[in-house]
Amino acid sequence: MSRAAGRALAVAALGALAGGAWLAFFYGIGPALHASLDVTPPASLVSGLYPAERERESGLTFAWTGAAMTLRLPGLDRHVPWLLTVRVRGARPGNDNPELTFFVDGVRVGAHRSGPAFETVEMRVPARPERDGVTIEMRSSATFVPGPADPRPLGAMLDWVTLSPAGVVLPPRASFGGTVLASALFGAAIALSGVTAGAAVGSVILVSAGQAALVSRGFGSFTDYPATIVRLAGWIGLALVALALGAQAWGRTSLRNTARFAAIFAASALLLKAAVLLHPGMPIGDALFHAHRFRTVAAGNVYFTSIAPGNYLFPYAPGLYVFSLFFRSLLAAGTEDMQMLRLVVLSADAAASLLLYGAVARMWRDRLAGACAVALYHLLPLDFRVVTVGNLTNAFAQAIGVGVLVWTAAAALRVERRAEVAGFAGLLTAAFLSHLSAFAIFAVAVPAIALLFHWRGGPAMRSPALALLAGTGLAVVAAVALYYAHFMDTYRTELARIGAETASAAPAAGGRTIGDRLVDVPRFFYLHFGVPALVLAAVGSHALWRQGSRDRLTLATAGLGLACLGFLVLGVITPVDMRHYLAAIPAVALVAGLGASQLWARNLAGRLVAITLLGWATLIGIHTWWETIP
């Protein structure tokens with residue numbers, strides 16, 4: 001047995017042990033199952049419950065039951081009694097409210113007469129050590145039909161339901177098997193990537209903790225979600241190993257540890273983010289909208305508009321949907337389309353983050369800064385938040401935009417190299433055809449970078465500057481001819497409206513005036529990037545300014561930053577939001593990664609500050625991922 005295979009088996013075994021131990025720990029400290037009905041529970045576990053609804057005035061989320069609601073939890077530990085608690089009401093006026101009767105495994109355990117207002121009802125679920133799992137049923141003595149527009153027979157209105165044990169319990173056995181196997185697979189992949197033994201051990205322990213925490217949460221351990229985690233860990237782990245071996249063969253030399261760290265971090269972030277999005281408690285958001293749009297494109301229609309906040313119509317570029325057609329044959333139609341689109345976007349984002357490492361290592365000769373930039377890219381709150389709310393096309397365009405930014409800094413991009421210019425124009429066109437905001441921002445950012453090349457880079461940078469302008473011109477012509485020229489009437493209508501609203505200082509969506517939008521800028525910086533990343537970015541920007549750096553990557557980062565700043569100002573004085581905060585993420589990650597490296601290189605105090613800020617940024621990122629699930 002080779003040394004690499006032996007180490008992979010050892011790390012896999014450690015990962016398996018860690019996964020099982022973490023699952024027992026997380027489930028042990030939080031075994032209560034609470035369903036707040038922000039999201040409709042899995043149909044395989046809860047039947048007789050209509051889709052979750054929300055009251056407009058109070059924001060209360062609830063769901064109506066039918067004549068009977070049944071909760072099935074296979075594998076539930078029955079060695080101790082459990083307590084079922086529901087907040088429910090009959091919601092009928094007067095005394096016409098139904099009696100609610102509760103059954104556990106077919107045996108009646110109690111009843112309660114509901115009322116017009118919400119009440120908290122408790123029922124005891126007796127211990128049955130000889131049995132795994134439980135079936136709980138709540139029957140309504142009467143139902144009513146709201147009317148012709150809503151023919152559903154409604155029983156009771158349910159606000160939330162909680163099932164909590166009276167002692168220490170273990171998670172279902174099936175969830176143990178899935179978590180252990182997933183941790184073992186990903187641990188083996190980490191080891192095979194060639195990272196040091198200490199880094200492999202630390203990584204597998206941390207990633208297995210994330211997997212176990214997600215499996216133990218909500219309905220995760222009672223569904224096929226652990227099997228989903230196994231598939232994710234297997235495929236992403238395989239991609240990690242292939243990437244490491246392929247990069248090593250391409251460069252014909254061993255990869256640096258910083259490069260391995262960047263690859264492992266990107267793969268781990270992809271695994272955990274995907275696990276969050278595929279969790280049974282994850283809200284759908286606007287992702288189902290994209291599934292419908294995807295099927296429209298698959299049927300042959302690529303020209304359509306959508307409505308932005310404030311009821312503005314804009315062309316909805318189909319780049320993500322066209323690209324995803326290549327993967328549709330791998331999955332069934334329906335809800336799977338939504339999950340596939342989410343995975344495509346996350347995978348593109350992970351690949352884009354690794355481009356930052358290559359650019360920094362090549363241009364700034366600072367591999368530590370490149371590794372930190374990759375980590376910070378994933379940890380910035382906005383990077384994942386835009387995917388969780390369902391802005392998938394914007395997130396996909398952003399990933400392509402990272403490739404555009406990196407290509408602008410490539411030494412091979414010169415005007416006399418026509419194939420290189422054509423390739424750059426093709427990638428930029430893909431970004432333009434993926435989201436309107438990407439079209440607007442990068443159509444400004446790339447010429448701004450060209451201007452900086454010409455102004456600050458001297459004669460040697462004039463050919464690259466011309467290449468950028470030529471590529472932008474080709475991309476604009478191609479994007480307009482292929483797509484945007486079909487919406488001239490839309491532009492005339494919306495631009496006239498925007499002009500009138502800007503002249504009258506009309507409030508934007510949500511009633512935000514110019515003053516409100518200006519005051520919100522610091523808050524958005526805080527929410528979208530976080531304090532530690534902003535501090536590190538300030539340190540990195542100061543270092544570049546002090547050094548008077550005029551390399552391509554510095555000028556490209558500055559050009560993107562200036563373009564985003566311009567759209568920030570536009571978003572204050574007009575009601576138009578072009579998602580400039582999202583577009584700024586790679587620039588923030590680059591200079592923040594450099595800031596962390598600069599602090600590390602100073603002295604012991606600088607290293608402590610860098611560790612503190614990076615640790616703080618990590619906590620913010622993980623909290624953002626975790627809080628996504630209600």
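Sequence order as written defines the numbering, with residues in each chain counted from 1. The model is predicted, so local features are restricted to residues of pLDDT at least 70 and side-chain atom pairs to those at 80 or more, both for listing and for counting; the totals for chains, interfaces and linings are taken over all residues. Derived side-chain values reflect all non-hydrogen atoms in the structure, with water molecules and hydrogen atoms excluded from consideration.

(A) Inspection of the overall build of the protein at higher detail. Only DSSP runs of H or I with at least four residues qualify as helices, and only runs of E with at least two residues qualify as strands; both kinds are numbered from the N terminus onward. When helices and strands are counted, the protein shows 21 helices and 12 strands. Taken over C-alpha atoms, the radius of gyration comes to 27 Å for the protein, in line with the 25 Å a tight globule of 630 residues would show. Each principal axis of the C-alpha distribution contributes one length, and for the protein these read about 85 × 70 × 50 Å. Burial classes follow relative accessibility: with a 1.4 Å probe on protein chains only, a residue under 20% of its type's maximum area counts as buried, one over 50% as exposed, and anything between as partly exposed. For the protein, the proportion of its 630 residues judged to be buried stands at 52%. Any two residues having at least one pair of non-hydrogen atoms within 4.5 Å are treated as being in contact. Partitioning the contacts of the protein with sequence separation of at least 6, the portion at a separation of at least 24 is 78%. Restricting the calculation to C-alpha atoms gives the radius of gyration, and the globule rule supplies 2.2 Å times the number of residues raised to the power 0.38.

(B) Expanded view of the pairing of strand β10 (residues 157-165). Most of β10 is tucked away: seven of the nine residues are buried. Two strands pair when backbone bridges link them, and strand β1 (residues 33-35) and β10 are joined in this way by three bridges, in the antiparallel orientation. Bridging across to β10, histidine 34 finds its partner in threonine 162. Alignment of strand β4 (residues 61-77) against β10, held across two bridges, turns out to be antiparallel. The partner of alanine 63 across the bridge, within β10, is leucine 158. At least two DSSP bridges between two strands are needed for those strands to be called paired. Two strands pair when backbone bridges link them, and strand β5 (residues 82-89) and β10 are joined in this way by eight bridges, in the antiparallel orientation. Bridging from a neighbouring strand, leucine 83 pairs with serine 164 of β10.

(C) Representation of the pairing of β5. Most of β5 is tucked away: six of the eight residues are buried. Two strands pair when backbone bridges link them, and β5 and strand β8 (residues 119-125) are joined in this way by seven bridges, in the antiparallel orientation. Of the residues in β8, the one forming a bridge with valine 88 is glutamate 119.

(D) Focus on the packing of aromatic side chains. Pairing of aromatic side chains here covers Phe, Tyr and the six-membered ring of Trp, requires ring centres within 6.5 Å, and sorts the geometry by plane angle: under 30 degrees stacked, over 60 edge-to-face, intermediate tilted. A complete count under the given rule lists 20 aromatic pairs for this structure. Relative to phenylalanine 144, the ring of tryptophan 64 has its centre 5.7 Å away and its plane inclined at 75°; by these criteria the two rings are edge-to-face. Here phenylalanine 144 lies in the loop between β9 (132-140) and β10 and tryptophan 64 lies in strand β4, a separation of 80 residues in the sequence. Judged by relative accessible area, which is 8%, tryptophan 64 ranks as buried. The interplanar angle of 20° and the centroid separation of 5.3 Å between the aromatic rings of tyrosine 303 and tyrosine 483 together place this pair among those described as stacked. In this pair, tyrosine 303 is assigned in the loop between α6 (287-298) and β11 (305-308) and tyrosine 483 in the loop between α14 (462-482) and α15 (488-503), connecting sequence segments 180 residues apart. Judged by its relative accessible area of 36%, tyrosine 303 falls in the partly exposed class. On the basis of relative accessible area, tyrosine 483 is assigned to the buried category, the value being 3%.

(E) Representation of the packing of helix α12 (residues 418-432) against helix α13 (residues 436-456) within the structure. In the contact formed by α12 and α13, the axes pass within 8 Å of each other and the chain directions differ by 145°. Each of Phe424, Leu428, Ala431 and Phe432 in α12 lies in contact with α13, whose residues at this interface are Ala438, Phe439, Phe442, Ala443 and Val446. The classification used treats Ala, Val, Leu, Ile, Met, Phe, Trp, Tyr, Cys and Pro as nonpolar, Asp, Glu, Lys and Arg as charged, and all other residues, Gly among them, as polar. Here the residues of the contact of α12 with α13 sort into nine nonpolar, no polar and no charged. Here the axes come from fitting lines to C-alpha atoms, over the contacting stretch only for helices, and the angles between their N-to-C directions go from 0 to 180 degrees.

(F) Representation of helix α11 (residues 392-408) in the model. Here the expected length of a helix is defined as 1.5 Å per residue gap, with one fewer gap than residues. The end-to-end C-alpha distance of α11, which contains 17 residues, comes to 25 Å, matching closely the 24 Å that a straight helix rising 1.5 Å per residue would cover. Judged by how many residues are buried, α11 sits mostly within the fold: 16 of 17 residues are covered.

(G) Just the environment of tyrosine 225, in detail. Assignment of secondary structure puts tyrosine 225 in helix α4 (residues 225-251). Between the C-alpha atom of tyrosine 225 and that of tyrosine 526, which follows or precedes it by 301 residues, the distance is 34 Å.

(H) Region of interest: the pattern of salt bridges. Any Lys or Arg side-chain nitrogen located within 4 Å of an Asp or Glu carboxyl oxygen qualifies as a salt bridge. Applying the stated criterion across every chain, the model contains 15 salt bridges. A salt bridge links aspartate 105 to arginine 131, with the shortest nitrogen-to-oxygen separation between them at 3.3 Å. One end of the pair, aspartate 105, is in the loop between β6 (99-104) and β7 (107-113); the other, arginine 131, is in the loop between β8 and β9, with 26 residues separating them in the sequence. Of the charged contacts in the structure, one is a salt bridge between arginine 385 and glutamate 627, with a shortest N-O distance of 3.7 Å. With arginine 385 in helix α10 (residues 381-388) and glutamate 627 in helix α21 (residues 604-627), this pair connects stretches of sequence that are 242 residues apart. The class of glutamate 627 is partly exposed, set by a relative accessible area of 41%. Connected through salt bridges with shared partners, the residues Arg78, Asp105, Arg128, Glu130 and Arg131 form a single ionic network.

The quantities given are spatial measurements derived from coordinates; they are silent on function.
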